Amino acid sequence: MDTRLEVVSANLVTIVILSRGCCVLSKFITRYLVAMAAADLSVLIFDVLLYEIKDAYFPYSFLNYTPICCFNLSLLFISIDCSVWVTVAFTFDRFVAISCQKLRANYCTAKTAAVVIAVICSLSVLESVPIYFVYEPREIIDAVPWSCSITSSFYTLPIWVAFLWLETILTPFLPFLLILLFNLLTFRHIVQANRVRRGLRGNRNGENYNDPEMVNRRKSMILLLAISGSFILSWMVTFVSYISVQFTDTQFYKENYNDLFTIVEQSGYILRTLSCCTNTFIYAVTQNKFRAELKNMIKRPLALTTYLFKCSHERNYPLSIYPVKPPQNLTLLEILIMIAGMISLSSSGNEGKMFLARRRRVQDKQYIEAVMHKLLYKVLE
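Note that the coordinates shown come from a computational prediction; the quantities given were computed from them, not determined experimentally.

Attention shifts here to helix α2 (residues 27-52). End to end, α2 covers 35 Å across 26 residues, agreeing with the expected 38 Å (1.5 Å per residue, within 8%). With 19 of 26 residues buried, α2 lies mostly within the body of the structure.

Here is the structure:
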């Protein structure tokens, strides 16, 4: 349970860091990466937290009511489709940015990225609406439907067979082909462009030039291949299980865990969920600025705590000669935390009364007013 919460926290941290825009990435790349992190976080919430652990920790909670279970599974498939197709959109965006110079100026923009993400989310919702009707109650206790299981007609009715084929093609068959195609084309273009650039710069005889353009291309390629390669490896087993269902008599979600197909299917689901956790580590490994921002995010609460502790021992000084200088460039959340901490520290004396209910020293009042002015300025920015 703790590990699952840590994974969710890692995706939240990724969203916060990328949203701050301090990783020296263009706005449209940042939007794709934030959208992927948000979609991965949604998969973890609806799959791991609300579906997988409910039987172990909350076996007879409202989450096991059949309507809620069906709704949760629908949201899960929406999140999966969004995660997969935003990855495809990001791969195509990198292909256009690197290989299609004429289209790059019009396509590789923040506005286009927002439109593409919105279209993907809308189509994912429309595609996953029938998922709600795929499931039926697994058991009925005291006239109350419990849990979910695939309806028996799912593999026989033509409309459901067609829907299963559509799901298999859209996720993951077509994304597999598109990601492989765009990566191959992008890689080929980069190799050719680097070969020509080295020739123009006189690097044919082995001279080592520090070419910023080639360094940027190398970093973009590493990030692209890391994300795309992680997606392909994580979805490979699920892809095989989908194909097996289409061409054999096997079925999804069997409860016989000694069956080979069930083992392969469940292993694929584990790897698919794991793919929603790997992007954070990929950013940390490939992006220096992301690592720096992650370190700063860890250090800031520690510095703020140290600052508040020092403030609690230095209350006899006026604001103008306050010995502890307040941290600069504080965010709105950090200022609120600082004010709450100061109120808590000021109320921990022998009087035992709340700070705002008593008259305090003039120095403390002036200091709090200064921080409040800074907070007001921050809000009005």
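There's more to say after this.
We now examine the packing of helix α4 (residues 66-99) against helix α7 (residues 158-200). At a minimum axis separation of 9 Å, α4 and α7 run at an interaxial angle of 20°. On the basis of their axis angle, the class for α4 and α7 is roughly parallel. Both α4 and α7 take part in a crossing whose hand is left-handed. A breakdown of the residues in the contact of α4 with α7 according to their chemical character gives 16 nonpolar, seven polar and three charged.

Moving on, we come to the state of the cysteines. Disulfide: a covalent bond connecting the sulfur atoms of a pair of cysteines. One pass over the full model with this rule turns up one disulfide. For Cys-69, the disulfide goes to Cys-148, at an S-S distance of 2.2 Å. Taken together, the positions of Cys-69 in helix α4 and Cys-148 in the loop between β3 (144-146) and β4 (149-150) put the pair 79 residues apart, joining distant regions of the chain. Take Cys-121: it sits in no disulfide, and the sulfur closest to it among the cysteines is that of Cys-82, at 3.9 Å.

Here the focus is the pattern of salt bridges. Taken as a whole and judged by the stated rule, the model has one salt bridge. Of the charged contacts, one joins Arg-94 and Asp-93 as a salt bridge, the two residues approaching to 3.0 Å between their closest N and O atoms.

On to the environment of Val-86. Looking at the secondary structure, you find Val-86 in helix α4. You can call Val-86 buried: its relative accessible area is 1%. With 53 residues separating them along the chain, Val-86 and Leu-33 place their C-alpha atoms 8.6 Å apart. Residues in contact with Val-86, not counting those within four places in the same chain, are Tyr-32, Ala-35, Met-36 and Ile-120.

Counting residues in hydrophobic clusters, the biggest one holds 70 residues, and the most contacted among them are Tyr-32, Phe-90 and Tyr-135. Within the residue set of this core, elements represented by two or more residues are α1 (2-19), α2, α4, α6 (110-128), α7, α8 (212-247) and α9 (260-286). The element best represented in this core is α4, accounting for 16 residues.

On to the packing of aromatic side chains, then. Scanning all chains against the criterion turns up 14 aromatic pairs. Ring geometry for Phe-154 versus Trp-160: centroids 5.9 Å apart, planes at 45°, classification tilted. Given a relative accessible area of 6%, Phe-154 falls into the buried group. Aromatic pair Phe-176 and Phe-239: ring centres 4.9 Å apart, planes at 20°, arrangement stacked. In this pair, Phe-176 is assigned in helix α7 and Phe-239 in helix α8, connecting sequence segments 63 residues apart. Assessed through its relative accessible area of 6%, Phe-176 is described here as buried. Through a chain of ring-to-ring contacts, three or more aromatic side chains come together here, namely Phe-173, Phe-176, Phe-231, Trp-235 and Phe-239.

Below, the discussion takes up the side chain of Ser-79. Turning to its location among the elements, Ser-79 is positioned in helix α4. With a relative accessible area of 6%, Ser-79 lands in the buried category. With residues near it in sequence (within four places) discarded, Ser-79 still touches Ala-39, Ser-42, Val-43 and Phe-46.

Moving on, we get to a nonpolar patch on the surface. A cluster of nonpolar residues, Phe-71, Val-125, Val-129, Tyr-132 and Phe-133, forms a patch on the protein surface that exposes about 470 Å² of accessible area. Tracing the backbone through its elements, the reader meets Val-125 in helix α6. Val-125 gets classed as partly exposed once you look at its relative accessible area, which sits at 37%.

The packing of two helices is summarised by the inter-axis angle and the distance between the axes. Contact pair α4 / α6: the axes reach a minimum separation of 9 Å and the direction vectors enclose 145°. Here the hand of the crossing between α4 and α6 comes out right-handed. From α4, Ser-74, Phe-77, Ile-78, Asp-81, Cys-82, Trp-85, Val-86 and Ala-89 reach across to α6, where they touch Val-116, Ile-120, Cys-121, Ser-124, Val-125, Glu-127 and Ser-128. Across the contact of α4 with α6, the residue classes break down as ten nonpolar, three polar and two charged.

This brings us to α4. Given 3.6 residues to a turn, an α-helix orients residues that are three or four positions apart in the same direction. Helix length check: α4, at 34 residues, gives a terminal C-alpha distance of 49 Å against a target of 50 Å (1.5 Å per residue), a fit within 8%. Where burial is concerned, most of α4 is hidden: 29 out of the 34 residues are buried.

Analysis parameters
- Residues numbered from 1 in each chain as written.
- Predicted model: local features only at pLDDT ≥ 70, side-chain atom pairs only at ≥ 80, totals over all residues.
- Heavy atoms only, no water.
- Helix = DSSP H or I, 4+ residues; strand = E, 2+ residues; numbered from the N terminus.
- Expected span 1.5 Å × (residues − 1).
- Buried < 20%, exposed > 50% of the residue type's maximum accessible area, 1.4 Å probe, protein only.
- Axes fitted to C-alpha atoms, helices over the stretch in contact; angles between N-to-C directions.
- Parallel < 35°, antiparallel > 145°, perpendicular 65-115°, else oblique.
- Left-handed = near helix turned anticlockwise from the far one by under 90°.
- Nonpolar A, V, L, I, M, F, W, Y, C, P; charged D, E, K, R; others polar.
- Disulfide = S-S within 2.5 Å.
- Salt bridge = Lys/Arg side-chain N within 4 Å of Asp/Glu carboxyl O.
- Contact = heavy atoms within 4.5 Å.
- Core = buried A, V, L, I, M, F, W, Y, C linked by side-chain atoms within 4.5 Å.
- Phe/Tyr/Trp six-rings, centres within 6.5 Å; stacked < 30°, edge-to-face > 60°.
- Patch = residues over 30% accessible without salt bridge, like charges linked within 9 Å, V, L, I, M, F, W, Y side chains within 5 Å.
- Areas by Shrake-Rupley, 256 points an atom, 1.4 Å probe, with all protein chains shown as cover.

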